[in-house]
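Now for the letters of each chain:
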Amino acid sequence: MRKVSQLPYERLPIEVFAQQAQQIIDQVKGAASAQEVLAARDKCNQLVIRLETAQALSYMRYSINTADEFYLAEKDYYDEVGPQAQNYLLEYTRAMLASPFRRELEEAGEIIPLVFRSFEVELKAMSPEIIEDMVEENRVVSQYSQLMAGMEFEFRGEKLPRPMLMKYAKSPDRATRKEAYEVLGRTLQAHSQQLDGLFDQLVHIRDRMAKKMGYRNFVELGYYRMGRLCYGPEEVKQFRENIRRDIVPLVARLRTEIGKKLGVDTLMLYDYDLIFPQGDPVPKGGKEEIFAAAKEMYHSMSRETGEFIDFMLETEAFDVESRKNKWGGGYCTSFPAYHQPFILANFNGTSGDVDVVTHEAGHAFADYTTADNKFIVELGVGGMETAETHSMSMEFFAWPYMSHFFGEDASRYQFMHLLDALSFLPYGTIVDDFQRQVYENPDWTPEERKAAWRKLEAEFRPHITFDGIPYLEEGTRWQYQMHIYETPFYYIDYCLAQTVALQFFTAFLHDKKDAWRRYLALVGEAGGKTYPGLVAAAGLDSPFAPGTLAKLGKEVGAWIAAQDAALNAR
């Protein structure tokens, strides 16, 4: 068993990929039987695994040190040739869809219909005429990622990466919280021309791609690029409206009550990260203690999770220290040729460190569990809303073990976690609708984009204000939400997933074993069903269904109220 640091990396030259891909395409087109098509498919899947592993390894090693010139060059190589590779895979997709053996393959269960449906979406998401635009898009995204990774925030004599600065956003001392956000705002403001300029470039590149492909704007293309098989902008529009109607008033009331307990008349952005006046619960140890607790938790949870965490720890599949030139967010990826998940994070001494070994580990557990699924190459673990359901639900299944991490503060953590989960829904909706508006109005100025963000904040988070915070009061909070630059329209997925995860939470309260059984079944299915199909099979309500959010808000709100009363009675 090799450690992640020991996994061999080898560039897959585009010339080699192209030659093998063309042979596979020709084999599909010239196939005389369904078995010959399947043989070509197997070859294609192995080629894709080789490409994805090389790309993932190069990106991982770049992201742990964005100043590493070798892996920066390798990442840039795939950014440049990746669209060419996608174009060959597009030709393979066309050949598969046109195969006279398609129905035979479907009826025999050799290739399920959902695979062919995903192929149809791929055709709508990519075209040879936008290859140069895709290369340019990758280049600009890389510039943004490097800008954010290298940005330092000077706070009380120290130069900190943003994750370490945000530790102070949870300080019980209001002046400290305010100072941290002022530093955040001023530092972003010093880079405002770059942040505005890079985003403007991305908006126009993406708009140009969409129009070349015959779409009115990037919204429709963006949905296809996300691989969404069963819902579109209209369903999401209604989902956003349901959040505005059923969740926003509840969150506003709960958060206003928290503000009163904090002793503030006006809830400022710099108050929003804090829940308890005496300070929010923090882990009772550092990295070593957190991983020891995680190992104990997953062994107690189930046989499957015990085997999983042992594998992750033995292969050293975590990089969690925050440092300069490290990518500033967190993610889980995998190296499919080695069946190896990997997690990157930036520990900062807050409860977010524990979320890494629940949320990101939820992703990794799904990758680990489904590595041998028959259709994993074509369908992955499902769409991103499915992937986020795996991770967000795992956060709640970890609840019984929170004393391992927080000691006597476990119940306070649970209260904070659930309130944050509910509070996320309005914020995630802001991010999604902001992107819709931006791509429907690609010629907006930076000022118009900022005004749109401010308006959405007032609508979905009316209980907080940005007034007086340098730069951020202008409507720029979105500029350090990396998804907006890097992966457009990947954010409502979190809201959809949170809606399902909260249902797993309420199910878990009633019957722990049954809820866990249903969760394991959902994870094991991976992308074998559409998202509504997965949710229905788990016995849960569709996020899009009328009344789902109202019912959920009532149940979760009642638990929060009861837990608040219990904490106050101590």
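One can find the structure itself at the top, above this paragraph.
All figures in this text were calculated on a predicted structure; none of them were measured in a lab. (Residues numbered from 1 in each chain as written. Predicted model: local features only at pLDDT ≥ 70, side-chain atom pairs only at ≥ 80, totals over all residues. Heavy atoms only, no water.)

Overview of the pairing of strand S5 (residues 340-347)
To be explicit about the condition: Buried residues are those whose accessible area, probed at 1.4 Å on protein chains only, stays under 20% of the maximum for their type, while exposed residues exceed 50% and partly exposed ones sit between those limits. In this description a helix means any DSSP run of H or I spanning at least four residues, a strand means any run of E spanning at least two, and both kinds are numbered starting from the N terminus. Two strands pair under a simple rule: DSSP has to find at least two bridges between them.
Among the eight residues in S5, eight count as buried, and that is most of the element. The alternating pattern of S5 places Gln340, Phe342, Leu344 and Asn346 and Pro341, Ile343, Ala345 and Phe347 on opposite faces, both of which are buried. Relative to S5, strand S3 (residues 318-321) runs parallel, the two being bridged by three bridges. Among the inter-strand pairings, Asp319 is bridged to a residue of S5, identified as Leu344.

Structural notes on a negative patch on the surface
As a reminder of what qualifies: Each patch is built from residues lacking any salt bridge and having more than 30% relative accessible area; the joining distance is 9 Å for like charges and 5 Å for nonpolar side chains (Val, Leu, Ile, Met, Phe, Trp, Tyr). All accessibility values rest on the Shrake-Rupley procedure with a 1.4 Å probe; residue burial counts only the protein chains present in the view. Criterion for a salt bridge: a side-chain nitrogen of Lys or Arg within 4 Å of a carboxyl oxygen of Asp or Glu. Residues scored as charged are limited to Lys and Arg (positive) and Asp and Glu (negative), so that His and the chain ends carry no count. Taken as the charge location is NZ of Lys, CZ of Arg, CG of Asp or CD of Glu.
Residues Glu447, Glu448, Asp467, Glu473 and Glu474 make up a contiguous surface patch of negative charge. With respect to the helices and strands, Glu473 occurs in the loop between helix H20 (446-460) and helix H21 (482-486).

Regarding the packing of helix H14 (residues 303-314) against helix H15 (residues 352-369)
What counts is decided by this rule: For helices, the fitted axis covers only the stretch in contact; all axes are lines through C-alpha atoms, and the angles between them, taken along N-to-C directions, range from 0 to 180 degrees. What sets the label is the angle itself: under 35 degrees gives roughly parallel, over 145 gives roughly antiparallel, 65 to 115 gives roughly perpendicular, and the rest give oblique. Two residues qualify as a contact provided that any one of their heavy atoms is within 4.5 Å of a heavy atom in the partner residue. Each residue is assigned to one of three groups, with Ala, Val, Leu, Ile, Met, Phe, Trp, Tyr, Cys and Pro labelled nonpolar, Asp, Glu, Lys and Arg labelled charged, and all others, Gly among them, labelled polar.
Closest axis-to-axis distance for the H14/H15 pair is 10 Å, and the angle between their directions is 100 degrees. Judged on the interaxial angle alone, H15 and H14 are roughly perpendicular. Between H14 and H15, the residues in contact are Glu304, Thr305, Glu307, Phe308, Phe311 and Met312 and Ala361, Ala364, Phe365 and Tyr368, respectively. Its residues assigned to classes, the contact of H14 with H15 comprises seven nonpolar, one polar and two charged.

Some words on the sheet that holds S5
If you walk across this open sheet you meet the three strands as S3-S5-S4, and the pairing is mixed. This sheet does not close on itself; its edge strands, each paired only once, are S3 and strand S4 (331-335). Averaged over all adjacent pairs, the angle separating strand axes in this sheet is 15 degrees, with direction ignored. This element, H14, spans S3 and S5 of the sheet and lies at about 70 degrees to S5.

Let's talk about the pattern of salt bridges
Under the defined criterion, the tally for this structure stands at 46 salt bridges. Close ionic contact of Lys212 with Asp133 constitutes a salt bridge, the shortest N to O distance being 2.8 Å. Highlighted residues: Lys212 in helix H9 (residues 192-212) and Asp133 in helix H6 (residues 131-150), separated in sequence by 79 residues. Here Lys212 falls in the partly exposed class, since its relative accessible area comes to 38%. Where Glu457 meets Arg461, a salt bridge forms, and the shortest distance between an N and an O atom there is 3.0 Å. When sorted by exposure, Glu457 lands in the same class as Arg461, which is buried.

A few points about the environment of Asp76
Relative to the elements of secondary structure, Asp76 occurs in helix H3 (residues 69-98). Along the sequence, Asp76 and Val135 sit 59 residues apart, while their C-alpha atoms lie 9.5 Å from each other.

As for the environment of His510
This is how the line gets drawn: Here a polar contact is taken to be a pair of N or O atoms separated by no more than 3.5 Å, where protein atoms must pair a possible hydrogen donor with a possible acceptor and residues adjacent in sequence count only if both atoms sit in side chains.
Its place among the elements puts His510 in helix H22 (residues 492-510). On the accessibility criterion, His510 (72% relative accessible area) is exposed. Engagement of the side chain of His510 in a polar contact is seen with the backbone oxygen of Thr506, the distance being 2.8 Å.

Thoughts on the nonpolar core
The following threshold applies: By nonpolar core is meant a set of buried Ala, Val, Leu, Ile, Met, Phe, Trp, Tyr and Cys residues that side-chain atoms within 4.5 Å join together.
Judged by nonpolar contacts, the single largest core of 209 residues is most densely connected at Tyr181, Phe405 and Leu422. Ranked by the residues each element gives to this core, the list is headed by helix H19 (residues 410-440), at 16 residues. Beyond its immediate stretch of four places on either side in the chain, Tyr181 contacts Met166, Ala169, Leu269, Tyr270, Asp273, Ile469, Leu472 and Tyr480.

A short note on helix H8 (residues 174-190)
Formally: By this rule, a helix spans an expected 1.5 Å times one less than how many residues it contains.
The end-to-end C-alpha distance of H8 is 24 Å, a good match for the 24 Å that 17 residues give at a rise of 1.5 Å each. Those residues of H8 that sit buried are Thr176, Arg177, Ala180, Tyr181, Val183, Leu184, Gly185, Thr187 and Leu188. Against the buried residues of H8 lie H6, strand S1 (153-155), helix H7 (162-165) and H9.

Observations concerning the packing of aromatic side chains
Operational definition: When two rings of Phe, Tyr or Trp (its six-membered ring) have centres within 6.5 Å they constitute a pair, described as stacked for plane angles under 30 degrees, edge-to-face for angles over 60, and tilted for the intermediate range.
Here the structure, examined in full by the defined rule, presents 51 aromatic pairs. Taking 5.6 Å as the distance between ring centres and 50 degrees as the angle between the ring planes, the aromatic pair formed by Tyr223 and Phe489 counts as tilted. Residue Tyr223 is located in helix H10 (residues 218-225), and its partner Phe489 is located in the loop between H21 and H22; the two are separated by 266 residues in the primary sequence. Considered together, Tyr223 and Phe489 belong to a single accessibility category, that of buried residues.

Details of the side chain of Asp493
Along the polypeptide, Asp493 turns up in helix H22. Accessibility expressed as a relative area gives 0% for Asp493, which makes it buried. Separated by 3.3 Å, the side chain of Asp493 and the backbone nitrogen of Glu385 make a polar contact. With residues up to four places along the chain from it excluded, the contact list for Asp493 reads Met226, Arg228, Tyr231, Met384, Glu385 and Glu388.

A few points about the packing of helix H17 (residues 384-397) against H22
Our working definition: Definitions for this section: a left-handed crossing has its near helix turned counterclockwise from the far helix by less than a right angle. A right-handed crossing has that turn clockwise.
At a minimum axis separation of 8 Å, H17 and H22 run at an interaxial angle of 35 degrees. Considering only the axes of H17 and H22, their crossing is right-handed. Contacts between H17 and H22 pair Met384, Glu385, Glu388, Thr389, Met392, Ser393, Phe396 and Phe397 from the former with Asp493, Tyr494, Leu496, Ala497, Gln498, Val500, Ala501, Leu502, Phe504, Phe505 and Phe508 from the latter. Within the contact of H17 with H22, the residues separate by chemical class into 13 nonpolar, three polar and three charged.

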